[in-house]
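# Descriptive analysis of the structure
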Amino acid sequence: RKILSIGNALIAIVAGVLVLLGYLLPDLFGGLRQYLIQLAIILTTFAVLLGILNLASVHWKRATGPKVGASNLYSAVLLFSLLLTIILVSISGPGGYWSTWLLEAVWKPVETSLIAVLAIVLIFAAARLLSRRLHLASLLFLAAAVLVLL
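In short, a report on the structure. Keep in mind that what you see is a predicted model, and the values were worked out from it rather than measured. (Residues numbered from 1 in each chain as written. Predicted model: local features only at pLDDT ≥ 70, side-chain atom pairs only at ≥ 80, totals over all residues. Heavy atoms only, no water.)

Right, let's talk about the overall build of the protein for a bit. Scanning the protein from N- to C-terminus turns up 5 helices and 0 strands. In sequence order, the protein lays out its α and β elements as α-α-α-α-α. Relative to the globule expectation of 15 Å for 150 residues, the C-alpha radius of gyration of the protein, 22 Å, shows a markedly less compact shape. For the C-alpha atoms alone, the extent of the protein along its principal axes is close to 50 × 50 × 40 Å. Expressed as a percentage of its 150 residues, the buried residues of the protein come to 13%. Long-range pairs, those at least 24 residues apart, make up 13% of the contacts in the protein with a sequence separation of at least 6. Counting every atom, the protein has about 12,100 Å² of accessible surface; 76% of that belongs to carbon and sulfur. (Helix = DSSP H or I, 4+ residues; strand = E, 2+ residues; numbered from the N terminus. Rg over C-alpha atoms; globule rule 2.2 N^0.38 Å. Buried < 20%, exposed > 50% of the residue type's maximum accessible area, 1.4 Å probe, protein only. Contact = heavy atoms within 4.5 Å. Areas by Shrake-Rupley, 256 points an atom, 1.4 Å probe, with all protein chains shown as cover.)

As structure tokens, then:
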């Protein structure tokens, strides 16, 4: 198991270095960079589709399950929202009115809220880490947190 995770990390590092070299030396590694980016897009697409199918499957079981409660309602709302989003984007296209409306009215406010939560969690974790003991690792975490918050 450990060899597999090291192998996966090694593959990711080599692919990342090759893509970076493709940007820095386009004459030598430009074609390989394009190929690796296209491969990454295809893999990401299948991963997202698999994730959506898994999400729909889990929440379908929850929404139609025998246990009655708020979780059934939340799962039904999630499934309805997923279906409505797929229908609206399919009808209007990726750059259409409804797609843009969903992006502006739903996606951006949720993203902004999550970034605010991330900032609060990072500040709280850094303060708690520094209050326990002052180590090099805690100072590095504080520097990374400040860098992320900038």
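The computed volume of the largest pocket comes to approximately 310 Å³. Around the largest pocket, the lining residues are Thr85, Val89, Ser99, Leu102, Leu103, Val106, Trp107 and Val110. Going through the elements one at a time, α3 (70-92) and α4 (97-132) are the ones with two or more residues in the lining of the largest pocket. Take the lining of the largest pocket: its biggest share by element is 6 residues, from α4. (1 Å grid on protein atoms, 1.4 Å probe; cavity = no way out; pocket = protein on both sides within 12 Å on 5 of 7 lines; lining within 4 Å. Points joined across faces, edges and corners; volume = space filled by probe spheres on them.)

Along its 38 residues, helix α2 (residues 26-63) runs 52 Å from first to last C-alpha, staying within 8% of the 56 Å computed at 1.5 Å per residue. At leucine 32, α2 shows its maximal kink, close to 25°. Looking only at α2, the buried set comprises Gly30, Arg33, Leu36, Ala56 and His59. For α2, the secondary structure elements touched by its buried residues are α1 (2-24) and α3. (Expected span 1.5 Å × (residues − 1). Bend = angle between axes of the 7 residues up to and from the residue.)

A few words on the packing of aromatic side chains. Counted under the stated rule, the structure contains 2 aromatic pairs. Centre to centre, the rings of tyrosine 97 and tryptophan 98 are 5.2 Å apart; their planes meet at 75°, and the pair counts as edge-to-face. The exposure class assigned to tryptophan 98 is partly exposed, which follows from its relative accessible area of 37%. Ring geometry for tryptophan 98 and tryptophan 101: centres 5.9 Å apart, planes at 80°, overall edge-to-face. Taken as a pair, tryptophan 98 and tryptophan 101 lie in helix α4 at a separation of 3 residues, close to a single helical turn. Judged by its relative accessible area of 40%, tryptophan 101 is partly exposed. Directly above the aromatic system of tyrosine 23 lies the positively charged group of arginine 33, at a separation of 4.3 Å from the ring centroid. (Phe/Tyr/Trp six-rings, centres within 6.5 Å; stacked < 30°, edge-to-face > 60°. Lys NZ or Arg CZ within 6 Å of the ring centre and 35° of its normal.)

Applying the stated criterion to the full structure yields 1 salt bridge. With a closest N to O distance of 3.0 Å, glutamate 104 and lysine 108 form a salt bridge. With glutamate 104 and lysine 108 both in helix α4 and 4 residues apart, this pair spans about one turn of that helix. The exposure class of lysine 108 is partly exposed, given its relative accessible area of 38%. (Salt bridge = Lys/Arg side-chain N within 4 Å of Asp/Glu carboxyl O.)

Geometric descriptors of this kind do not, in isolation, establish any biological role.
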